[in-house]
Amino acid sequence: LAQAAYRDGEDLQGDAFEHGGSEGFGANPPTSESGEEEEGTERAIAMEYSPDDQDWDQKEMELQSHYERLVGMLVTFLLVGFLLFDMLLLYLMNSSDPQVRSYSYKLISSIIVVFVALGITHLLHEILHEVVSPGPYHTMISDIAFFGVFLFWYMGISIVASRLKHSHEDCEAALGVVLHVAAFVFFEAVGEWQEDVA
C-alpha cells in the first residue's frame, strides 16, 4: 500500500509539472522580464527630458513657490491692516470729542456707500451682458445700453433729491448711492467704448 501511494504521488507530481500554471507544484518561477521592462520605460521617460527642460521645470517650481510666498504675505498684511483699521474706527467712534465721532460715522457711511454702488454697478454690467446677445450690432447696442443706464441713474439724482428734500440724512445717504452708481456706470460705459474702439 505504501508503495502504491508513493507511485500515485509521483504520478500526480509529474502531471502537475507537465501542465504547469500558477497552482500546485507546476508553478513557473517568476522571471525578471517585467522588472527589465519597467526599468527600460523609466530610462526612456528620463531620456525624453533634456537638461534644459529639467532646468526650466526647476525654475518654474521656484517661481511658483515665490508667488505663493508673496500671496501669503499679501493676505497676512491685509488681515492685519483690516484689524488695525477696525480698532482705529472703534477708537474714533468712542472718542470723547463729538466732532471726531461725527466724522467717524460719516467715514463708515462713505465706505458702505462705495461698496454698495460697486455691487450695483457689477450687477448691472452682468445683466446687460446677458441681455445683449452677440450679433452683428452687438458693440453698438452694448454702448447705447450702457449710456442709457447712465442717463437713468443721472436723472435719478434729481428725482431722489426732490423726493427726500425734507429729510437731510435720508437724502444724503440715498444721493451718495445714486451718485456713485451713476459715476461708476459712466466709467464702465466709457471703458466698454474704448475697448470696442481699440
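It should be noted that the structure appears before, not after, this text.
Residues numbered from 1 in each chain as written. Predicted model: local features only at pLDDT ≥ 70, side-chain atom pairs only at ≥ 80, totals over all residues. Heavy atoms only, no water.

Q: Please explain the packing of helix α4 (residues 98-131) against helix α5 (residues 138-163) as it appears in this structure.
A: For any two helices packed against each other, the geometry comes down to the angle between their axes and how far apart the axes lie. Look at α4 against α5: their axes get within 11 Å of each other, and the N-to-C directions meet at 145°. In this structure, α4 meets α5 at a crossing whose hand is right-handed. Where α4 approaches α5, its residues Ile-120, Leu-124, His-125, Leu-128 and His-129 are matched on the opposing element by Ala-145, Phe-146, Val-149 and Trp-153. Class assignment for the residues of the contact of α4 with α5 results in 7 nonpolar, 2 polar and no charged. (Axes fitted to C-alpha atoms, helices over the stretch in contact; angles between N-to-C directions. Helix = DSSP H or I, 4+ residues; strand = E, 2+ residues; numbered from the N terminus. Left-handed = near helix turned anticlockwise from the far one by under 90°. Contact = heavy atoms within 4.5 Å. Nonpolar A, V, L, I, M, F, W, Y, C, P; charged D, E, K, R; others polar.)

Q: Looking at this model, I keep getting lost on α4. Mind explaining?
A: An α-helix turns once every 3.6 residues. As a result, residues three or four positions apart point the same way. For α4, with 34 residues, the first-to-last C-alpha span of 49 Å sits near the 50 Å given by 1.5 Å per residue. All of the buried residues in α4 are Ser-104, Val-113, Ala-117, Thr-121, His-125 and Leu-128. Two or three places before Gln-99, at the opening of α4, Asp-97 has a side-chain oxygen 3.2 Å from that residue's backbone nitrogen. (Expected span 1.5 Å × (residues − 1). Buried < 20%, exposed > 50% of the residue type's maximum accessible area, 1.4 Å probe, protein only. Polar contact = N/O pair within 3.5 Å; in protein donor to acceptor, adjacent residues only side chain to side chain.)

Q: Explain the layout of surface pockets to me, please; I cannot follow it from the model alone.
A: To find leftover empty space, a probe the size of one water molecule is rolled over the atoms. Within this model, the largest pocket holds a volume of roughly 240 Å³. Forming the walls of the largest pocket are Tyr-105, Lys-106, Ser-109, Ser-110, Val-113, Glu-169, Glu-172, Ala-173, Gly-176 and His-180. Every element with two or more residues in the lining of the largest pocket is listed here: α4 and α6 (168-197). (1 Å grid on protein atoms, 1.4 Å probe; cavity = no way out; pocket = protein on both sides within 12 Å on 5 of 7 lines; lining within 4 Å. Points joined across faces, edges and corners; volume = space filled by probe spheres on them.)

Q: Got a minute to help me understand α6 in this structure?
A: Over its 30 residues, α6 extends 43 Å from the first C-alpha to the last, a length consistent with the 44 Å expected when each residue adds 1.5 Å. Of all the residues in α6, the buried ones are Cys-171, Leu-175, Gly-176, Val-177, Val-178, Val-181, Ala-182, Val-185, Ala-189 and Glu-192. The elements touched by buried residues of α6 are α4 and α5.

Q: Would you explain the side chain of His-125 in this entry?
A: Note on placement: His-125 falls in helix α4. Take His-125: its relative accessible area is 17%, and that puts it in the buried class. Ignoring any residue separated from it by four or fewer positions in sequence, one finds His-125 in contact with Phe-146, Glu-188 and Glu-192.

Q: Would you explain the packing of aromatic side chains in this entry?
A: For the structure shown, the criterion picks out 4 aromatic pairs. An aromatic cluster of three or more residues is present, and its members are Phe-150, Tyr-154, Phe-186 and Phe-187. (Phe/Tyr/Trp six-rings, centres within 6.5 Å; stacked < 30°, edge-to-face > 60°.)

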